[in-house]
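# Summary of structural features
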Amino acid sequence: MNKILVIGTGSIGKRHIGNFSKFFDKIDISEIRKDRQEETKKKFKINEIYDDYKIPLNKNKYDAVIITTPPHLHLPIAELACSKGNNILIEKPLGMNSTGWEEIAKICEKKELINYVAYCHRHINYTKKLKDHLESGIIGKIINANVRWGSYFPDWHPWEDYRDYYMAKKEQGGGALLDESHGLDLIRYFFGEASEVFAVVDKISDLEITTDDNAFVTLKMKNKMFVHLSFDLISRFTFCKIEINGSKGSLIWDRVDHNLKIYNAEKKTWKTEQFTKEDFLEMYINQAKHFVECLQKKTQPMISIRDALKTQKIIDNSFLSSETGKSIKI
Ligand SMILES: NC(=O)c1ccc[n+]([C@@H]2O[C@H](COP(=O)([O-])OP(=O)(O)OC[C@H]3O[C@@H](n4cnc5c(N)ncnc54)[C@H](O)[C@@H]3O)[C@@H](O)[C@H]2O)c1
């Protein structure tokens, strides 16, 4: 394939460049920071470099535009990229909120543009295995799930002061709920849509950030299940697990120990299926392959803007529930 534009070459932008280099002859980048431009140029073969993303989008047509800036820029960049007829990959979360995305989804549909939102955890092999287990009925009728997603934010990017990283800034779309919404995406992937949400979302730690650092979200699902999700930026030890309880047993997906644990209530036994960190990291490569295949075959990816919009609406309503102290029907 020919040429892509990657906008924003921070941590995930560079990861995408590495993976997409295998598939595209030319990679243009747009990045406002000169040091990041230099760093990216040293690491990868870059075709053209632009300070302002509007210049390449107004000048060139790309096979795809990869949007890897902080979330507050996802919407304006997607608007311009799609109006110029480019396929797009947007990093999660979709944006600051749901506003404006329905229109972008319509433009994509009208122009038949491939649009993908990078909730990459669906591409881990043991995520797919968990879905297979659920569908096989191994733990019977599913009744509830608990999601625990937390880590210590100042440890995330050792190369920069956490207070300077966009994640510390509310106006740029940082915070536990928006960032860790992978958990919401996975719940929708496994169990379908939510019908009601109640949440408390706030900054309650001493971290020097303007975003929320704790978000506790409770969902009633259309299939009658209850789901509780706890997201935070303060856990000194990283927790990233989903515990699912059914009539015949339990299942635990653990993205720190990279395993699945299955409890059989009749035999009173646990079985562990062990995977590796490489399996986890492979999600980015699997995702790149999936997106390229969609571009080649002109098929819609597994997570479109419309799909991610449903996750975004849960996020919006979680903030609203927390502000009003009320449970919100979705
Ligand atoms: N799917 C994942 O596993 C994953 C992992 C990390 C980040 N992300 C997502 O990717 C996005 C970026 O996160 P990050 O950790 O890479 O952030 P980052 O701060 O490391 O990188 C963002 C880059 O965008 C650049 N930028 C800002 N404004 C710009 C503009 N107008 N034009 C061009 N570049 C601009 C910044 O200078 C920075 O280099 C976020 O939405 C985040 O949630 C996803």
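This one's a predicted model, so the numbers in the text were calculated from it and none came from an experiment.

## Let's talk about the site of the ligand
Of all residues adjacent to the ligand, which total 25 residues, the nearest are Gly8, Gly10, Ser11, Ile12 and Glu91. Of all the elements, helix α1 (residues 11–20) adds the most residues to the shell around the ligand, at 3 residues. Looking at the shell around the ligand, its residues break down into 11 nonpolar, 8 polar and 6 charged. Structurally, the shell around the ligand is a two-domain feature, drawing no fewer than three residues from each of domain 1 (3–120 + 286–303) and domain 2 (123–276 + 311–329).

## Considering the sheet that holds strand β13 (residues 259–264)
Taken together, 9 strands build an open sheet; the order of strands is β14-β13-β12-β11-β7-β10-β9-β8-β15 and the sheet is mixed. The open sheet has two edge strands, β14 (269–274) and β15 (328–329), and neither has a second partner. Strand direction decides the pairing type here: strand β7 (residues 142–152) and strand β11 (residues 234–246), joined by 9 bridges, are antiparallel. Within β11, the position partnered with glycine 150 by the bridge is phenylalanine 239. Each of β7, β12 (249–254), β13 and β14 touches helix α6 (residues 125–136); the most contacted strand, β12, lies at about 170° to it.

## Let's talk about the packing of helix α8 (residues 182–191) against helix α10 (residues 305–324)
Where α8 contacts α10, the two axes come as close as 10 Å, and the packing angle between them is 125°. With respect to α10, the element α8 is oriented oblique. Helix-helix and strand crossings are classified by hand; for α8 and α10 the assignment is right-handed. Where α8 approaches α10, its residues Leu184, Asp185 and Arg188 are matched on the opposing element by Lys310, Thr311, Ile314 and Ile315. Within the contact of α8 with α10, the residues separate by chemical class into 3 nonpolar, 1 polar and 3 charged.

## Overview of the nonpolar core
If you look at the biggest cluster of nonpolar residues, it comprises 43 residues, and the most contacted ones within it are Ile4, Val65 and Ile88. For this core, the element with the most residues is helix α4 (residues 74–83), which contributes 5 residues. Beyond its immediate stretch of four places on either side in the chain, isoleucine 88 contacts Ala64, Val65, Ile67, Ala78, Ala81, Cys82, Leu113 and Asn115.

## Things to note about unusual backbone geometry
Cis geometry marks the peptide bond from lysine 92 to proline 93; its omega dihedral reads -15°. Positionally, proline 93 belongs in the loop between β5 (88–91) and α5 (101–111). Its identity is not glycine, yet lysine 224 carries a phi of approximately 85°, on the positive side. For lysine 224, the position within the fold is in the loop between β9 (214–221) and β10 (226–232). A residue is classified by how many C-beta atoms lie within 10 Å of it, and lysine 224, with 10 of them, is exposed.

## Some points on the environment of valine 256
Along the chain, valine 256 falls in the loop between β12 and β13. Taking the C-beta count within 10 Å as the criterion, valine 256 has 13 such neighbours and is therefore assigned partly exposed. It is 17 Å that separates the C-alpha atoms of valine 256 and leucine 229, two residues lying 27 residues apart in sequence. With sequence-adjacent residues up to four places away left out, valine 256 is seen in contact with Thr238, Phe239 and Cys240.

## Some words on the domain arrangement of the protein chain
Partitioning the protein chain into structural domains gives domain 1 (3–120 + 286–303) and domain 2 (123–276 + 311–329). Relative placement of domain 1 and domain 2: their C-alpha centres are 26 Å apart. Tallying the contact residues gives 17 residues for domain 1 and 14 residues for domain 2. In terms of residue count, the dominant contributor to the side of domain 1 that touches domain 2 is helix α9 (residues 277–297) (3 residues).

Quick notes on the rules
Residues numbered from 1 in each chain as written. Predicted model: local features only at pLDDT ≥ 70, side-chain atom pairs only at ≥ 80, totals over all residues. Near = placed C-beta within 6 Å. Helix = DSSP H or I, 4+ residues; strand = E, 2+ residues; numbered from the N terminus. Nonpolar A, V, L, I, M, F, W, Y, C, P; charged D, E, K, R; others polar. Domains from an automatic or database assignment. Pairing = 2+ DSSP bridges. Contact = placed C-beta atoms within 7 Å. Axes fitted to C-alpha atoms, helices over the stretch in contact; angles between N-to-C directions. Parallel < 35°, antiparallel > 145°, perpendicular 65-115°, else oblique. Left-handed = near helix turned anticlockwise from the far one by under 90°. Core = buried A, V, L, I, M, F, W, Y, C linked by C-beta atoms within 7 Å. Buried ≥ 20, exposed ≤ 12 C-beta atoms within 10 Å, placed from the backbone.

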